[in-house]
Amino acid sequence: MGLLDILLGRTKPVAPDLDRLFALPSAAVTLEAAASFTPTGRGAVCFATVEGAAFEQTHREVQALLDADADRDGPPVELRRDAFGYSWLVSERTPDQLPQLVNDLHAVNSSMEVNGFGPQLLCSLAGFENPEGRSLSLVYLYKRGTFYPFAPLPGEGQRRDNPLELRVKAALSGDLRIEEDLGRWFPLWGAPGL
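Quick caveat: nothing in here was measured; it's all calculated off a predicted structure.

Peer 1: Kindly report on the overall build of the protein, identifying the contributing residues and their values.
Peer 2: When helices and strands are counted, the protein shows five helices and six strands. Counted from the first residue to the last, the protein has its helices and strands arranged as α-α-β-α-β-β-α-β-β-β-α. Across the protein, every contact between residues at least 6 apart in sequence was considered, and the portion connecting residues at least 24 apart equals 65%.

Peer 1: Go over the environment of Ala-83 with me, naming the residues and quoting the values.
Peer 2: Relative to the helices and strands, Ala-83 resides in the loop between β2 (78-81) and β3 (86-92). For the pair Ala-83 and Gly-190, spaced 107 residues apart in sequence, the C-alpha separation works out to 8.0 Å.

Peer 1: Lay out the pattern of salt bridges in plain terms, naming residues and giving numbers.
Peer 2: In this structure the tally under the stated criterion is nine salt bridges. In this structure, the salt-bridge partner of Glu-179 is Arg-144, at a minimum N-O distance of 2.9 Å. Linking Glu-179 in the segment after α5 (162-172) with Arg-144 in the loop between β5 (135-141) and β6 (146-150), this pair joins segments that are 35 residues apart in sequence. Judged by relative accessible area, Arg-144 falls into the partly exposed class, the value being 29%. Across the salt bridge formed by Arg-160 and Glu-165, the nearest N and O atoms sit 3.0 Å from each other. Assessed through its relative accessible area of 18%, Arg-160 is described here as buried. Each of the salt bridges in this network shares a partner with another, and the network as a whole consists of Glu-78, Arg-80 and Glu-92.

Peer 1: Could you give me a rundown of the sheet that holds β2, with the residues and numbers involved?
Peer 2: Strand order in the open sheet formed by six strands is β2-β3-β1-β4-β5-β6, with antiparallel pairing between adjacent strands. The open sheet has two free edges, formed respectively by β2 and β6, since each of these has just one partner strand. Neighbour to neighbour, the strand axes of the sheet diverge by 25 degrees on average, direction disregarded. Two elements, strand β4 (residues 121-129) and β5, share seven bridges in a ladder whose sense is antiparallel.

Peer 1: Could you give me a rundown of the packing of helix α2 (residues 24-35) against helix α4 (residues 98-117), with the residues and numbers involved?
Peer 2: How two helices pack is summed up by the angle between their axes together with the distance between the axes. At a minimum axis distance of 9 Å, the contact between α2 and α4 shows a crossing angle of 135 degrees. Viewed along their axes, α2 and α4 adopt a mutual orientation that is oblique. As for how α2 packs across α4, the hand of that crossing is right-handed. Here Leu-24, Pro-25 and Ala-28 of α2 come into contact with α4, specifically with Leu-98, Pro-99 and Val-102. For the contact of α2 with α4, a count of residues per class yields six nonpolar, no polar and no charged.

Peer 1: So what about the nonpolar core? Which residues, and what values?
Peer 2: Ranked by size, the top nonpolar core spans 49 residues in total, and within it Trp-88, Phe-128 and Leu-188 carry the most contacts. Ranked by residues supplied to this core, first place goes to α4 with seven residues. Once residues within four sequence positions are removed from consideration, Phe-128 is found in contact with Ala-28, Leu-31, Phe-37, Thr-38, Pro-39, Thr-40, Leu-98, Arg-134, Ser-135, Leu-136 and Leu-138.

Peer 1: Account for the side chain of Ser-137, naming residues and giving values.
Peer 2: Counting through the fold element by element, Ser-137 comes out in strand β5. For Ser-137, a relative accessible area of 0% puts it in the buried group. Non-local contacts of Ser-137, meaning those with residues more than four positions away in its chain, are made with Leu-125, Ala-126, Gly-127, Tyr-148, Pro-149, Phe-150 and Leu-194.

Peer 1: Explain the state of the cysteines to me, and be specific about the residues and the numbers.
Peer 2: With the rule as written, the count across this model stands at zero disulfides. The thiol of Cys-46 is unpaired, and the distance to the nearest cysteine sulfur, on Cys-123, comes to 4.6 Å. With a relative accessible area of 4%, Cys-46 lands in the buried category. Here Cys-123 falls in the buried class, since its relative accessible area comes to 7%.

Criteria and cut-off values
- Residues numbered from 1 in each chain as written.
- Predicted model: local features only at pLDDT ≥ 70, side-chain atom pairs only at ≥ 80, totals over all residues.
- Heavy atoms only, no water.
- Helix = DSSP H or I, 4+ residues; strand = E, 2+ residues; numbered from the N terminus.
- Contact = heavy atoms within 4.5 Å.
- Salt bridge = Lys/Arg side-chain N within 4 Å of Asp/Glu carboxyl O.
- Buried < 20%, exposed > 50% of the residue type's maximum accessible area, 1.4 Å probe, protein only.
- Pairing = 2+ DSSP bridges.
- Axes fitted to C-alpha atoms, helices over the stretch in contact; angles between N-to-C directions.
- Parallel < 35°, antiparallel > 145°, perpendicular 65-115°, else oblique.
- Left-handed = near helix turned anticlockwise from the far one by under 90°.
- Nonpolar A, V, L, I, M, F, W, Y, C, P; charged D, E, K, R; others polar.
- Core = buried A, V, L, I, M, F, W, Y, C linked by side-chain atoms within 4.5 Å.
- Disulfide = S-S within 2.5 Å.

Structure, rendered in structure tokens:
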């Protein structure tokens, strides 16, 4: 960054670091001890919808890469679209396979990035739940290289459990690079994989 950039207030964007996803299994141990949330085995990668042959080829490559895993029941990743027009590649594993789920999320992100779809990548999430069935996701912001918790409240309406999210933030600050700007803790209402 040069002097002119500093004077004009421009900053360089943070480079994505997909290897930070590999910290999720150790963070899951901390999360279970601090708040009794355990992995669901569900996760997803969200990106701006892409059409065309190049994306179809990338999707086939991801399917083939993950299909080689003998521990998986069902399709390796499923393409879904949400109500807001975003696309999600969803992976489902058994709850005890969080490391394999993280590998899936990393492979999907890496394949998208390598094939020129990095600018379309938005976030990845891994789902958790507590013994009462409450949902929580740890969301990785691709363009920021940071995580944040998203805890929707059960029932009608779109409400989130902010106190729980802040407790999770405090508990995981030693395990994950947590997004400090709470304005970037976007709600993921109805996200596949949640």
